[in-house]
Amino acid sequence: MNRRKGETATGRLFCILFARSPVFPSMRPLAVSSRITVAILIAALGAAGCQKKDPRAEFTFENGTDVQTLDPALMTGQPEHRIANAIFEGLTARSPNGAEIVPGVAKSWEVSPDGLRYTFHLRDCAWSDGTPVTAGDFIYSWRRVLDPSMGAAYYAYQLFYIRGAEEFNEGKLKDFSQVGVRAPDARTLAVELKAPTPFFLYLTSFYTLFPVNRACVEKHGELWTRPGNIVGNGPFLLTEWIASRRIRLARNPRYWDRGGVRLATIDALPTENESTAFNMYMTGEADWVDGAGIPLHLIDLLRLRPDFHKTTILVTYFYRFNVTRPPTNDPRVRKALDLAADKQRIVDKILRAGQMPAATLVPPSMPRYRPPEGLAYNPAEARRLLAEAGYPGGRGFPRVSILFNTSEAHKQIAVEMQAIWKENLGIRVELENQEWGTYLNTESALDYWISRAGWVADYPDPNTFLDMFVTGGGNNRTGWGSRRYDGLIAAAGRERDEGRRMELFREAERILVVDEMPIMPIYFYVSLNLYDAGRIGGIYPNPLDEHPLKYVFIK
Amino acid sequence: MLTYILKRILWMIPTVWVVATLAFLLMRAAPGGPFDAERKLPPSIEKNVKAKYHYDEPLYRQYFRYMGGIARLDLGPSLKLQGRSVNEIIAQALPYSLALGGLALGLALFLGIIFGTVAAAHRNGPLDYAVMVVALAGISVPTFVIGPLLIILFVFVLRILPVAQWGGPAHLVMPVITLAAPFTAYVARLMRAGMLDVLNQPFIRAARAKGAGEASIIYRHALKVAVLPVVTFLGPASAQLLTGSVVVEKIFNLPGLGRFFVNSAFNRDHTVALGVALLYCVMLLVFNLLVDVSYAWLDPRIRYK
């Protein structure tokens, strides 16, 4: 075959790539392989084209990560929490600002004078399949959470405040009728607690205690939470759940307060990447994005915007000290490290979103509680204590490191802390970055000196922070223990008088952050949210950073 | 030929078994477990969780249980995504990865072969240098830089494409370009090298001697031999592209398999990590087999017995 004039090299190649074999017989294999290329392209385009583009929901928000499960008995995280709050409702619920308790399935309740017995009166309301929600549904659901054969009910301990519940979960108690929960009639639920639990009405609004529909669970087994199967009793229905793509909710026409639900449809997007979530908000593909979608390096610009909303929340960032190995086994060393830590500098230089430096573990925004006076930044006193401990000017200070899990923010804070301690104490601290699983393992095994930590309040009560550090507690992980501290926390658990109870917590916390210092508080978190308050209503800043979707509306 | 293919397929079984065993042991040797969390579980709850997934049994029993599952093509339940089996996760995510990877593969082959051939035809000319500089950039600039650059250009400057999400064809433009960029560059370089190598061979000299034109030599005589290195590269490249890319999936928020691969390893979701690794292994073996078979097709000198 002769080369025809006027053909360009590329043009010729196009001909060859797409040629039919009779034209270029000797090119057959290549023609075939190029046809494979074309076939791949067409098949892939076809597969892509099959995915029809559907209209976006009335309200779309970034939900951080994929939900791991929609079974309230099994879930543990915030993305799950938001969806569970939309498709289920507990005995009690949270107010629009998330901070107060309002009636849910229970229209009213009574508490016995000793604080041990709660009687809930259920309203006349229905599941999304039309059957009534009864007291028996709650007994079934709580038993399901506590049943040892349920397996992965990680938060079963949220029910351990009920008499006999822990024993039943351990398998020591076989007969569930011995557990302190009874239904005198279909619309009354009587609960008996082990000890007065002032935050119990918060727990009944927590997803682990949500009712699930027995007929639905028994009919579909593990697949009961799938769209089409799931039966809920909340303001919304689950209509679509495509893993790592979208969850779609629609208003539940059978919800008792359907008139109070303003949105018809909601999309929750599992966008893991911070910049992607932010870009989607900026291009209008999402209406609300929380701190997980706000890039740290843009904070200085974003905080000036009217749609940037910031509020202090009940979350504390702190360092654990390992008190079982030198030099952090010496309280003077631990105190010196704390006194020398310029927390204001960390907040101003690294975080920059208006976080507050912390001198206590319990945030001052904790309702009804006034934390003790913590230690203030005092490098001179820090140097004195370090010298007293045998390291004048930092001389002879052994090799220690700060352990943290992989995260840009943790790293920046640790690097800054390293510099601060070098300047103020003359000591050299190393950095040890581990990925999440390894970090948890290292911390639990007490194979560290200083370790990064954070704690989110489960309920608005100091107990959620302070019972962490009782001797041998699963979340203690410092090796520290104090009988006086344990005694105070136990006494607070028994105390009926609210003021006296807070005083006991305050005394306990003073041991923790002033006298012994097995931990070093660094800062209190702020929650960051981006949404246009001129267009979106019903989202209120609050210390638990909870924004029930029920109340959200488009203006 | 058929016996050869059959033999290769049979060999896959012990290969997969070895990979599964190694992956199982490595996964278990990593510190931390699937049930660890920042909030330590009460012992009774931890015991119940472990019993549910048979983590209370000795390791060898768990191993045999897992291998038994693989033999029945059952990759077990996810330890983190409760109520979902690994089979279901793969079935749900793989089609997205296949579509995305298939498009990227097609684009990379198409552009790469053209660029490489053009560069070789104009070797040491300005066109050659231009193509190779672009290819070098394609290889060296990582996808997490290309992706955001495309976003700035198409979303925030030109405002013609949606920023992320799975949706219509417009949603796929940037992910496909991002994913295809390094592979296009590789294909172009391999194509150019293969072409230059072939152009120095005696049969090309013979063609020149008989008076064939340069274009005819390149496209009629050289191309199908020169494309062999690209085909070799296609095996691992296909397996890699079709099982998903975590970076591209995260940047463009796509529901493919790549993010499961990485997240499951971080979360110690042993079954998901093993399942995706095995899928990758099987795909690699299958594509390499296809590549070897296509050699015989492309080059008449190659025969399998």
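Residues numbered from 1 in each chain as written. Chains lettered and ligands numbered in written order. Predicted model: local features only at pLDDT ≥ 70, side-chain atom pairs only at ≥ 80, totals over all residues.

So, the overall build of chain B
Looking only at helices and strands, one finds 13 helices and 0 strands in chain B. Start at the N end of chain B and walk to the C end: the helices and strands fall as α-α-α-α-α-α-α-α-α-α-α-α-α. Projected onto its principal axes, the C-alpha positions of chain B cover 85 × 60 × 30 Å. Here chain B holds 305 residues, and the buried ones make up 42% of them. In chain B, the proportion of contacts linking residues at least 24 apart, taken out of those at least 6 apart, comes to 74%. (Helix = DSSP H or I, 4+ residues; strand = E, 2+ residues; numbered from the N terminus. Buried ≥ 20, exposed ≤ 12 C-beta atoms within 10 Å, placed from the backbone. Contact = placed C-beta atoms within 7 Å.)

A look at the sheet that holds strand β6 (residues 181–185) of chain A
By way of backbone hydrogen bonds, the strands of a sheet pair with one another, either parallel or antiparallel. Residues and elements named next belong to chain A. Strand order across the open sheet formed by 4 strands is β4-β5-β7-β6, with antiparallel pairing between neighbours. This sheet does not close on itself; its edge strands, each paired only once, are β4 (106–111) and β6. With direction set aside, neighbouring strand axes in the sheet form an average angle of 20°. The sheet contact formed by β4 and strand β5 (residues 117–122) spans 5 bridges and is antiparallel. Residue pairing in the sheet places W109 in a bridge with F120 of β5. Running at roughly 165° to β6, helix α4 (residues 135–146) makes contact with β5, β6 and β7 (188–192) of the sheet. (Pairing = 2+ DSSP bridges. Axes fitted to C-alpha atoms, helices over the stretch in contact; angles between N-to-C directions.)

Quick look at the environment of P211 of chain A
Residue and element names in this part refer to chain A. Along the chain, P211 turns up in the loop between α6 (200–203) and α7 (214–220). Given 27 C-beta atoms within a 10 Å radius, P211 is considered buried. Each C-alpha atom of the pair P211 and W142 lies 7.7 Å from the other, and the pair is 69 residues apart in sequence. The contact partners of P211, leaving out residues within four places of it in the chain, are F88, V105, V133, D137, F138, S141 and N233.

Details of helix α1 (residues 2–29) of chain B
Along its 28 residues, α1 of chain B runs 41 Å from first to last C-alpha, staying within 8% of the 40 Å computed at 1.5 Å per residue. Of all 28 residues making up α1 of chain B, only 1 are buried, and the element is barely covered by its neighbours. (Expected span 1.5 Å × (residues − 1).)

Quick look at the pairing of strand β16 (residues 450–456) of chain A
Put simply, side chains in a regular strand alternate between the two faces of the sheet. Residue and element names in this part refer to chain A. Along β16, 5 of the 7 residues are buried, which leaves the element largely enclosed by surrounding structure. As paired strands, strand β12 (residues 308–321) and β16 are joined by 7 bridges and run antiparallel to one another. Bridge assignment links Y319 to a residue of β16, and that residue is R452. By the bridge criterion, 2 bridges tie strand β14 (residues 400–405) to β16 in an arrangement that is parallel. Bridge pairing in β16 places I402 opposite I450.

Focus: the sheet that holds strand β1 (residues 59–62) of chain A
Residue and element names in this part refer to chain A. Spatial ordering of the open sheet is given by β1-β10-β9-β8, a layout of 4 strands whose pairing is mixed. On the outer flanks of this sheet lie β1 and β8 (236–242), each paired with one strand and no other. The mean inter-strand angle of the sheet, taken between neighbouring strand axes irrespective of direction, is 20°. Where strand β9 (residues 246–251) lies against strand β10 (residues 265–269), 4 bridges are found, and the strand directions are antiparallel. Counted as the bridge partner of I247 is A268 from β10. Sitting on the sheet, helix α3 (residues 78–87) is in contact with β8, β9 and β10, with an inclination near 140° to β8.

Section: the nonpolar core
It is characteristic of soluble globular proteins that their nonpolar side chains tend to be buried jointly. Core analysis: the biggest nonpolar cluster contains 157 residues, and I87 and L159 of chain A together with L100, A104, V187 and M191 of chain B have the highest contact counts within it. Sorting elements by how many residues they give to this core places helix α4 (residues 86–121) of chain B first, with 23 residues. Discounting chain neighbours no more than four positions away, the residues touching L159 of chain A are W142, V145, L146, A165, T208 and L209 of chain A. (Core = buried A, V, L, I, M, F, W, Y, C linked by C-beta atoms within 7 Å.)

Some remarks on the confidence of the model for chain B
Taken residue by residue, chain B gives an average pLDDT of 86. The fraction at 70 or more is 99%. Overall fold confidence for the complex sits at a pTM of 0.81, while the interface term, ipTM, reaches 0.82. (pLDDT = per-residue confidence, 0-100.)

Some details on the packing of α1 of chain B against helix α13 (residues 270–298) of chain B
Residues and elements named next belong to chain B. It is the contact of α1 with α13, at a shortest axis distance of 10 Å, that shows an interaxial angle of 155°. Comparing their axes, α13 and α1 come out roughly antiparallel. In this structure, the crossing between α1 and α13 has a hand that is right-handed. Residues I5, R8, M12, T15, V16, V19, A20, A23, F24 and M27 of α1 form the contact with α13, whose participating residues are H270, A273, L274, A277, L278, C281, V282, L285, L289 and V293. (Parallel < 35°, antiparallel > 145°, perpendicular 65-115°, else oblique. Left-handed = near helix turned anticlockwise from the far one by under 90°.)

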